[in-house]
Amino acid sequence: MKIDIILVDDHDLFLEGLAGTLSKHDHIQVSALYNTAEAALQGLKSHTPDLVITDVSMPKINGLEFVKLLNEAYPHLKILVISMFQQIQSFKGIKGYLLKETKSDELLTAIDKIVVQNETYFYKAYAQDTKELEFNTAILTPREKTIVDLIAKEHTTDDIAKALFLSRYTIETHKKNIYLKLQVNNAAGLIKKAVYLGYIH
């Protein structure tokens, strides 16, 4: 029986390369490739695989939001995240986390551990970090995403307030909520985390 996998990543070259690598193995079947979370969610309505392999940094619906939606709709679906980013925080809802530079042998080991042995597989440095980012507090609202984007473009609080027709106090409140949700203390940390999650490209 083959392990049925779907791949989700907004970089077509990586997506096709990963599919090619996995398809060389007789016990693995790559049943679909998607370059957006939205397309994957649509596809999952008619076909549920053994494993979803996804990135974190993706447009519109990022990996964090995607995993949350998958957990809600398909609570038994196994998810492996493969990212170009070194771990910034761990989060619940996934069975494994690898870097895009991971060699194919380790990827196959991770797939076997997750799907066949029903275990988890995280690359070594990842497992040493115990901080967690909870789904129920980490998802930004559309307004908060807009503010993050403006902060990344080096707009001041007054600039943002003027652009969004809101008071300075309201923007400051939004910023405090964003910092709290993403567990950061300053603008530099915010931008780093926002890039990782795909809020900024």
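Whatever comes next refers back to the structure up there.
Quick caveat: nothing in here was measured; it's all calculated off a predicted structure.

Chemist: What am I meant to see in the pairing of strand E3 (residues 51-54) here?
Modeler: Along any regular strand the residues' side chains alternate between the sheet's two faces. Burial along E3 is two-sided: Leu51 and Ile53 and Val52 and Thr54, pointing in opposite directions, are all buried. Pairing geometry for strand E1 (residues 3-8) and E3, over 4 bridges, is parallel. Directly across from Leu7, in E3, lies its bridge partner Ile53. For E3 and strand E4 (residues 78-83), the ladder comprises 4 bridges, and the chain directions are parallel. Counted as the bridge partner of Leu51 is Lys78 from E4.

Chemist: Explanation requested: empty space enclosed by the protein in the structure shown.
Modeler: Once rolled over the atoms, a probe with the size of a water molecule shows which space is left empty. For the structure on display, the rule yields 1 cavity of 30 Å³ or more. Size it by volume and the largest cavity reaches roughly 30 Å³. Together, Leu7, Val8, Asp9, Phe14, Leu15, Leu18, Ile53, Thr54, Asp55 and Ile82 line the largest cavity. Within the residue set of the lining of the largest cavity, elements represented by two or more residues are E1, helix H1 (12-23) and E3.

Chemist: When you look at the packing of aromatic side chains in this model, what are you seeing that I'm missing?
Modeler: For any pair of aromatic rings, the description rests on two quantities: the centre-to-centre distance and the angle between the ring planes. All chains considered together, the criterion is met by 1 aromatic pair. Aromatic pair Tyr97 and Tyr123: ring centres 6.0 Å apart, planes at 45°, arrangement tilted. Linking Tyr97 in strand E5 (residues 96-99) with Tyr123 in the loop between strand E6 (121-122) and helix H5 (124-127), this pair joins segments that are 26 residues apart in sequence. Judged by its relative accessible area of 9%, Tyr123 falls in the buried class. A cation over a ring is seen here: Lys100 above Phe14, with NZ or CZ 4.4 Å from the ring centre.

Chemist: Which parts of the structure should I look at to understand the sheet that holds E5?
Modeler: The strands that make up a sheet are held in pairs by hydrogen bonds between backbone atoms, and each pair lies either parallel or antiparallel. Overall, parallel pairing links the 6 strands, which are arranged E2-E1-E3-E4-E5-E6 in an open sheet. One side of each edge strand has no neighbouring strand; the edge strands of this open sheet are strand E2 (28-34) and E6.

Chemist: Any chance you could explain helix H8 (residues 157-164) here in plain terms?
Modeler: Residue pairs spaced three or four apart in an α-helix point in one direction, given the helix's 3.6 residues per turn. Listing the buried residues of H8 in full gives Thr157, Ile160, Ala161 and Leu164. Axial view of H8: buried residues confined to an arc of 100°, hence all on one face. Looking one or two places after H8, you find Phe165, whose phi comes out positive at around 55°.

Thresholds applied
Residues numbered from 1 in each chain as written. Predicted model: local features only at pLDDT ≥ 70, side-chain atom pairs only at ≥ 80, totals over all residues. Heavy atoms only, no water. Buried < 20%, exposed > 50% of the residue type's maximum accessible area, 1.4 Å probe, protein only. Helix = DSSP H or I, 4+ residues; strand = E, 2+ residues; numbered from the N terminus. Pairing = 2+ DSSP bridges. 1 Å grid on protein atoms, 1.4 Å probe; cavity = no way out; pocket = protein on both sides within 12 Å on 5 of 7 lines; lining within 4 Å. Points joined across faces, edges and corners; volume = space filled by probe spheres on them. Phe/Tyr/Trp six-rings, centres within 6.5 Å; stacked < 30°, edge-to-face > 60°. Lys NZ or Arg CZ within 6 Å of the ring centre and 35° of its normal. Arc of directions from axis to C-beta.

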